[in-house]
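Descriptive structure summary
Chain by chain, the residues run as shown.
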Amino acid sequence: MGIDILISLIKIGIVLSMLLSLAAVLSWAERKQSAVLQDRIGPNRASILGLRLFGLFHPVADAIKMFFKEDFIPARGNRFLHTIAPFIAMMPALVTFAVIPFGDFIEIAGKKITLQIADPNIGIIFVFSIASLIIYGVVLAGYSSYNNYAMLGAMRACAQMISYEVTLGLSIIGVLIVFNSVRLGEIVRMQGQLIWGVIPGWGIIYQPLAFILFLTAAIAETKRVPFDLPEGESEIQVGYFIEYSGMKWGMFFLAEFVEIVVVSALITTLFFGGWQIPYLLRDGFYFPGGIHIPLNHNVVSIMQVLSFGFKVIFFCWLQLMIRWTLPRFRFDQLMALCWKGLLPLSLLNIFVTGAAVLLKG
Amino acid sequence: MIKEVKVGLWEKIYIPEIIKGLSVTTKHFFRNLLNPEKIVTIQYPDVKRPIAPVWRGRHRLLTKEDGSLKCVACFMCATACPSKCIYIEAGEHPDPSVEKYPVRFEIDLLRCVFCGMCVEACPKDAIAMDLIILELAGYERKDFILDINKLVVKP
């Protein structure tokens, strides 16, 4: 019993530190990547003892700066809600990672350790129910700031997130029908099967439309360009966190990047086989054509964790790429895209998937 | 006239157009990532951009070999100056072979238009605008009024 709790705590520690450090690196990557794709150089000045490392110390410098800045609370704002709002915005993004499997299992001294913090029966439903709490952080931030811009931004964010949550939830139902489970560990394990013995049976092969719908809705949920309507420099400044400064602002900022990582992890888990590597089974590679390379199971597990990490980083990169490629929507276009475009398509996707599964028997 | 772009069904479903846009940015991303030397940015204080030799930089008053000013306070430059930014006060030179010398010679950079007329007008080649000083920033207005001490650049 005690050892199980210890193992869980170690897993939580590893996952949290990986998640937060990846989010911090992403805040650097966003600046650097945007610079590189716009033919610029980007941040490269922060240095420790003359070591610059392509500006990799900028997140550290930013964090130090934010900790020492004045923590401003508006005089007529609600002090308690203003303080607690960034925590409420940050918490769901971190907690959702608890059910995402980042590997199969490893065996240490005869003990089987599942590489997933928790695998509840409700799985993916837990992710969505927790993720929908992010709205509270946003609305409380807007409400407690006593600022019209903040209130308008919060209302916009609220309308946008609730609208896109519908599509987000409906788009994955096709995946759940195909894999016949809501447990994320189960879904990933099912994706290890091969179609006709050659093609890896990843979710995107069965559900390409659902992938596009999910990606679009997920980017809208993270409130980034092209869906960054809660912010708007020319109309409402930075929207709901206009009255935030110092590390409280930093938490909203970091929460955004944590959300990117979580979205990438969810896309990987649902559509790109999670920790699966094609043709890699528990005891080594089985290539089509009968070639077998035997490997130790723990080695296989480590390779699978690395594969999961690689996929997550790839989708983080893709999301940053989309953010720096597309212009933003207008608010009516945003709503029309959701309710007239994505929602009917996701319903159609559910219908077609259901019919196909029914016909196949 | 702004050309009206026809938006058909193909553009309305977004995805092909998004892929087109992403391919452009991805191409730039990998080109710049693999050949960072192709990025056009010049890291200014560390690296200075090449400048044409005819560039007109900040004015300098040139000196003879013994260190005294070449200028004879003939007022040709002040007369030629279209923005009237040169102020000269002439004085009697102790050496009888030299007629006059400038007691004060001031250029107001805030009025100067950097036309180079003073350099062309000078009969003694005593004033130059060349590549020695290019950075003209200052914190106060009086930083931009150059007297003889600032105009003579010691090597």
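Refer to the preceding data block for the structure.
The structure displayed is predicted, hence computed values, not measured ones.

**Let's talk about the overall build of chain B**
- From N to C terminus, chain B includes 5 helices and 5 strands.
- For chain B, the α and β elements follow one another from N to C terminus as α-α-β-α-β-β-α-β-β-α.
- Relative to the globule expectation of 15 Å for 155 residues, the C-alpha radius of gyration of chain B, 27 Å, shows a markedly less compact shape.
- Expressed along its principal axes, the backbone C-alpha trace of chain B runs to roughly 90 × 40 × 30 Å.
- A buried classification covers 28% of the 155 residues belonging to chain B.
- Sequence-distant contacts, at least 24 apart, represent 62% of the contacts inside chain B between residues at least 6 apart.
- Element-wise, carbon and sulfur atoms account for 61% of the exposed surface of chain B, whose accessible area totals about 11400 Å².

**As for the overall build of chain A**
- Along its length, chain A carries 13 helices and 7 strands.
- On C-alpha atoms alone, chain A measures out to a radius of gyration of 22 Å, which is about the 21 Å that the 2.2 N^0.38 rule sets for 361 residues.
- Overall size of chain A, expressed as C-alpha extent along the three principal axes, is 70 × 55 × 50 Å.
- Counting all 361 residues of chain A, 51% fall into the buried class.
- Once local pairs closer than 6 in sequence are excluded, the contacts in chain A between residues at least 24 apart make up 76%.
- Taken as a whole, chain A presents about 16900 Å² of accessible surface, with 72% of it coming from carbon and sulfur.

**Considering the sheet that holds strand 7 (residues 291-294) of chain A**
- Read from one edge of the open sheet, 3 strands run 5-6-7 (chain A), paired in antiparallel fashion. Strands with a single pairing partner mark the edges of an open sheet, and in this sheet they are strand 5 (280-281) and strand 7 of chain A.

**Notes on the pairing of strand 6 (residues 284-287) of chain A**
Residues and elements named next belong to chain A.
- Direction of pairing for strand 5 relative to strand 6: antiparallel, over a ladder of 2 bridges. Residue pairing in the sheet places leucine 280 in a bridge with phenylalanine 285 of strand 6.
- Here strand 5 hands over to strand 6 after 2 residues, the two strands then running antiparallel side by side.
- With 4 bridges connecting them, strand 6 and strand 7 associate as antiparallel partners.

**Section: unusual backbone geometry**
Residue and element names in this part refer to chain B.
- Of note, phenylalanine 75 is a non-glycine position whose phi angle comes to about 70°, a positive value.
- Note on placement: phenylalanine 75 falls in the loop between strand 1 (59-61) and helix 3 (76-80).
- With a relative accessible area of 32%, phenylalanine 75 lands in the partly exposed category.
- Even without glycine at this site, lysine 84 takes up a positive phi of about 50°.

**Structural notes on empty space enclosed by the protein**
All names here are of chain A.
- Inspection of the entire model under this criterion finds 5 cavities of 30 Å³ or more.
- Here the largest cavity is characterised by a volume of approximately 200 Å³.
- Taken together, 16 residues form the lining of the largest cavity, with Ala131, Ile134, Glu221, Val262 and Val263 sitting closest to its centre.
- Elements supplying a minimum of two residues to the lining of the largest cavity: helix 4 (124-131), helix 6 (148-171), helix 10 (208-221) and helix 11 (246-271).
- The greatest single-element share of the lining of the largest cavity, amounting to 4 residues, is contributed by helix 11.
- Each residue belonging to the lining of the largest cavity can be placed in one class, and the counts come to 12 nonpolar, 2 polar and 2 charged.

**Some remarks on the nonpolar core**
- A:Tyr164, A:Phe214 and A:Leu270 are the most contacted members of the largest nonpolar core, which has 74 residues in total.
- If one sorts the elements of this core by residue count, helix 11 of chain A sits on top with 13 residues.
- If sequence neighbours within four positions are ignored, A:Phe214 has contacts with A:Phe128, A:Leu168, A:Ser171, A:Ile172, A:Leu266, A:Ile267, A:Leu270 and A:Phe271.
- By size, the runner-up hydrophobic cluster in this structure holds 24 residues, among which are B:Leu69, B:Cys81, B:Ile86 and B:Ala126.

**A closer look at the environment of A:Ile204**
All names here are of chain A.
- Take isoleucine 204: it is sitting in helix 9 (residues 203-206).
- As for isoleucine 204 and isoleucine 267, which are separated by 63 residues in sequence, their C-alpha atoms are 9.6 Å apart.
- With sequence-adjacent residues up to four places away left out, isoleucine 204 is seen in contact with Phe211, Phe271 and Phe272.

**A closer look at helix 10 of chain A**
Residues and elements named next belong to chain A.
- In this model helix 10 runs 20 Å from its N-terminal to its C-terminal C-alpha over 14 residues, within 8% of the 20 Å that 1.5 Å per residue would give.
- All of the buried residues in helix 10 are Ala210, Phe211, Leu213, Phe214, Leu215, Thr216, Ala217, Ala218, Ile219, Ala220 and Glu221.
- Residue lysine 223 follows helix 10 closely and has a positive phi angle near 55°.

**Topic: the packing of aromatic side chains**
Residues and elements named next belong to chain A.
- Scanning all chains against the criterion turns up 22 aromatic pairs over all chains.
- Plain terms: the ring middles of tyrosine 164 and phenylalanine 227 are 5.6 Å apart, the flat faces sit at 55° to each other, and that makes the pair tilted. One end of the pair, tyrosine 164, is in helix 6; the other, phenylalanine 227, is in the loop between helix 10 and helix 11, and 63 residues separate them in sequence.
- The class of phenylalanine 227 is buried, set by a relative accessible area of 4%.
- When the centroid spacing of 5.3 Å and the interplanar angle of 75° are considered together, the rings of phenylalanine 211 and phenylalanine 272 count as edge-to-face.

**Details of a nonpolar patch on the surface**
- Taken together, the side chains of A:Met1, A:Ile5, A:Leu9, A:Ile12, A:Leu16 and A:Leu20 present a nonpolar region at the surface, about 560 Å² in accessible area.
- You can see A:Leu9 is positioned in helix 1 (residues 2-37).

**Looking at the sheet that holds strand 2 (residues 86-92) of chain B**
Residues and elements named next belong to chain B.
- Taken in spatial order, the 3 strands line up as 2-3-5 in an open sheet, and their pairing is antiparallel. Each edge of the open sheet carries a strand with a single partner, namely strand 2 and strand 5 (145-146).
- Examined bridge by bridge, strand 2 and strand 3 (residues 100-108) share 7 bridges and lie antiparallel to one another. Considered in strand 3, the bridge of isoleucine 88 is made with phenylalanine 105.

**Some points on the interface of chain A and chain B**
- In this complex, chain A contributes 17 residues to the contact, which on the side of chain B involves 18 residues.
- Carbon and sulfur atoms supply 69% of the area buried between chain A and chain B, which totals about 1500 Å² over both sides.
- Of all residues in chain A, A:Val36, A:Asp39 and A:Ile41 bury the most surface against chain B, accounting for 33% of the area lost on that side.
- Joining chain A to chain B, the criterion identifies 2 salt bridges.

So, how was this worked out
Residues numbered from 1 in each chain as written. Chains lettered and ligands numbered in written order. Predicted model: local features only at pLDDT ≥ 70, side-chain atom pairs only at ≥ 80, totals over all residues. Heavy atoms only, no water. Helix = DSSP H or I, 4+ residues; strand = E, 2+ residues; numbered from the N terminus. Rg over C-alpha atoms; globule rule 2.2 N^0.38 Å. Buried < 20%, exposed > 50% of the residue type's maximum accessible area, 1.4 Å probe, protein only. Contact = heavy atoms within 4.5 Å. Areas by Shrake-Rupley, 256 points an atom, 1.4 Å probe, with all protein chains shown as cover. Pairing = 2+ DSSP bridges. 1 Å grid on protein atoms, 1.4 Å probe; cavity = no way out; pocket = protein on both sides within 12 Å on 5 of 7 lines; lining within 4 Å. Points joined across faces, edges and corners; volume = space filled by probe spheres on them. Nonpolar A, V, L, I, M, F, W, Y, C, P; charged D, E, K, R; others polar. Core = buried A, V, L, I, M, F, W, Y, C linked by side-chain atoms within 4.5 Å. Expected span 1.5 Å × (residues − 1). Phe/Tyr/Trp six-rings, centres within 6.5 Å; stacked < 30°, edge-to-face > 60°. Patch = residues over 30% accessible without salt bridge, like charges linked within 9 Å, V, L, I, M, F, W, Y side chains within 5 Å. Salt bridge = Lys/Arg side-chain N within 4 Å of Asp/Glu carboxyl O. Buried area = accessible area lost by both parts, 1.4 Å probe.

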